[in-house]
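# Descriptive structure summary
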Amino acid sequence: MHIDQIYIKYLKDNNSEGIQLIYNKYSKQIVTLIQQNSGSEDDGYDILQESLVDIYHMSIEKDFELTTSFGAFLGLVCKRKWLNVLKKNQRMPVTNLEKSVLYVEDDSSQAWDEMLETVNRENTVMALLDTLGESCQQIIKRCMLEKHQEKIAESMGISYAYLRKKKSECMASLVKKVKECGLF
Amino acid sequence: MEHLADKIQDYIEGHLEGQDLIEFENHLNQDIEFRNLVKLQKEVHGILNKRLTSGESDLRESLFLAENKMKYRKKGIFQRLQPLMAVASAACLLFAGYLFLFSPSDNLYELPSMQSEIVRGQESNEQYEEAVQLYNKQSYAESRAILNILIEKEPDVIQYQYYVGLSYLGEQKWLEASEKLTTIAEGQSIFKDEAKYYLAVSLDKQGKTSDAIALLKMIPSQGDLGKKAEKLLKKMN
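Per-chain numbering applies: the sequence of each chain, read as written, is numbered from 1 onward. Starting at A for chains and at 1 for ligands, labels are handed out in the order in which the entities are written. The predicted nature of this model means local features are confined to residues of pLDDT at least 70 and side-chain atom pairs, given and counted, to a pLDDT of 80 or more, with totals for whole chains, interfaces and linings taken over all residues. The side-chain numbers reported here are obtained from all heavy atoms of the structure, hydrogens and water having been left aside.

With an unreviewed UniProt entry as reference, chain B is termed Tetratricopeptide repeat-containing protein, source organism Sphingobacterium bovistauri.

The name recorded for chain A in an unreviewed UniProt entry is Sigma-70 family RNA polymerase sigma factor, from Sphingobacterium bovistauri. UniProt positions are given in the numbering used here, feature names are shortened, and annotations may be inferred rather than shown by experiment. Recorded under Sequence similarities (unreviewed entry), the UniProt text for chain A is reproduced unchanged: "Belongs to the sigma-70 factor family. ECF subfamily."

A few words on the overall build of chain B. Scanning chain B from N- to C-terminus turns up 13 helices and zero strands. Starting at the N terminus, helices and strands are each numbered in turn, a helix being any DSSP run of H or I of at least four residues and a strand any DSSP run of E of at least two. Secondary structure of chain B in N-to-C order comes out as α-α-α-α-α-α-α-α-α-α-α-α-α. Note on classification: 1.4 Å probe, protein chains only; a residue is buried when its accessible area is under 20% of the maximum for its type, exposed when over 50%, partly exposed between these limits. Looking at chain B as a whole, 43% of its 237 residues are labelled buried. Whether two residues are in contact is decided by their heavy atoms, any of which lying within 4.5 Å being enough. Across chain B, contacts joining residues at least 24 apart in sequence account for 50% of those joining residues at least 6 apart. Residue-level accessible areas treat just the shown protein chains as cover; the underlying method is Shrake-Rupley with a 1.4 Å probe. Carbon together with sulfur atoms contributes 53% to the accessible area of chain B, which is approximately 13,300 Å² in total.

Looking at where Thr124(A) falls in the secondary structure, it is placed in helix 6 (residues 109-129). With residues near it in sequence (within four places) discarded, Thr124(A) still touches Cys181(A) and Leu183(A).

Before going further, it helps to spend a moment on the interface of chain A and chain B. With 59 residues of chain A at the interface, the matching set in chain B holds 58 residues. Buried surface area refers to the total accessible area, computed with a probe of radius 1.4 Å, that the two partners give up upon joining, counted for both partners together. Here chain A meets chain B over a buried area of about 5,200 Å², counting both sides, of which 58% is carbon and sulfur. In terms of surface lost to chain B, no three residues of chain A exceed Met144(A), Tyr162(A) and Arg164(A), which account for 13% of the buried area on that side. Criterion for a salt bridge: a side-chain nitrogen of Lys or Arg within 4 Å of a carboxyl oxygen of Asp or Glu. At the junction of chain A and chain B, the tally comes to eight salt bridges. Residues Glu122(A) and Lys50(B) are paired through a salt bridge, measuring 2.7 Å at the closest nitrogen-oxygen approach. For the side of chain A that touches chain B, the elements supplying multiple residues, two or more each, are helix 2 (16-35), helix 3 (41-59), helix 6, helix 7 (134-145), helix 8 (149-156) and helix 9 (160-181) of chain A. If one sorts the elements of the side of chain A that touches chain B by residue count, helix 9 of chain A sits on top with 15 residues. Under this grouping Gly is polar, as are all residues other than the nonpolar Ala, Val, Leu, Ile, Met, Phe, Trp, Tyr, Cys and Pro and the charged Asp, Glu, Lys and Arg. Of the residues that constitute the side of chain A that touches chain B, the class distribution is 28 nonpolar, 16 polar and 15 charged.

Quick look at the state of the cysteines now. Residues and elements named next belong to chain A. In what follows, a disulfide is any cysteine sulfur pair within 2.5 Å. Tallied over the full model, the rule gives one disulfide over all chains. What pairs with Cys136 in a disulfide is Cys170, and their sulfur atoms sit 2.1 Å apart. Taking the sign of the S-S torsion, about -80 degrees here, the bridge from Cys136 to Cys170 comes out left-handed. Of the two residues, Cys136 is situated in helix 7 and Cys170 in helix 9; the sequence distance between them amounts to 34 residues.

The subject of this paragraph is the packing of aromatic side chains. Put simply, two rings from Phe, Tyr or Trp (the six-membered ring, in Trp's case) pair if the centres are within 6.5 Å, and we call them stacked under 30 degrees between planes, edge-to-face over 60, tilted for the rest. In this structure the tally under the stated criterion is 15 aromatic pairs over all chains. Taken together, a centroid distance of 5.7 Å and an interplanar angle of 45 degrees make the contact between Tyr128(B) and Tyr160(B) tilted. Of this pair, Tyr128(B) sits in helix 7 (residues 126-136) while Tyr160(B) sits in helix 9 (residues 158-170), placing them 32 residues apart in sequence. Judged on exposure class, the residue Tyr128(B) and its partner Tyr160(B) are both buried. Among the aromatic side chains, those forming a connected cluster through ring pairs are Tyr162(A), Tyr135(B), Tyr140(B), Tyr162(B), Tyr163(B) and Phe191(B). A positively charged side chain is recorded as over a ring if its NZ (Lys) or CZ (Arg) lies within 6 Å of the ring centre. The angle to the ring normal must also be within 35 degrees. Residue placement shows Arg121(A) over the ring face of Phe184(A); its charged tip is 4.3 Å from the ring centre. Above the ring of Tyr168(B), the side-chain terminus of Arg144(B) is found at 3.9 Å from the ring centroid.

Given below as structure tokens:
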């Protein structure tokens, strides 16, 4: 196990002091990288935050183990994320960044690719959930978080059968959007 | 396939049983397209389950705090607000553009159909389903009579009260509709925003346009209802 695995643990445990340490140590490097590739300081911080959240989601998968320095791994995740933003927004040439993203430091890269792809699919589903109407979002979220659906129905002022019907409809709308997005 | 598509979520959650389950699984084995749809919904369900219980929002709070400590260490108040203002203006412009380009073309004054509760045949509430049929045939008074019986039995079920309000709207009884929908619009049920919308319609019909506008402005912008409210708002303005 790499010595920098501790940073993964900070994220996994939501350790505020550890997270501050990550920012103190790596934020300047990431923000500069983004600024050198057509981004602003805010873009840099946004990419850093989203990348740390992605790494957090990877870390809660039980077999995630860091095989290189945390800085190198974080840099890779941020570069890929920024590359996607640039491609999506069709901003400025990205040749240099693409070259450096394609450079891999060790042989774990394929496994990382798969993990990043998974996280990207998950992020897409969550973003599409936010585009549903408020009642659909509320129903889906509450039904996932709370065990007793009869109680959810009661607190929402609807019958249990109606809640189930609405939930089916909301899930069908979400799945339709997911299907249309082309990632799945 | 449509009636089976309604049951996918129940199947995934293990609520299907008996003949319903046999019918569903037979179809699953025969129809590749349906199988792929079930597979996709299962994957989406898994992702939602994983993400919504992941503790991400707590982590985001810590990241936000750490970021702010780094970012604003040396900046003055004005410098802090400047980027936020720029982001807010950009968001407003994007939002306005989005609404302009993608406004739905639904009939703004049309009543929604009343939704059936049937997920699995055996569990249907017969009285409620009768009210659904009557309402959807525009026999509003008859539907309301049944709904009022259901309200007596289950006064906490807002869904019955909501459709009673809409039934008055269907009969163009604006005052009665407003009275019923106001309580729901002021409450916290999942019908609160829909109730605001139809209450606004009812108020507009009574010539209380400024009250209607105020209500429409309270409806969140996401989803079809948000777009519809925005469109009605533009029309009223």
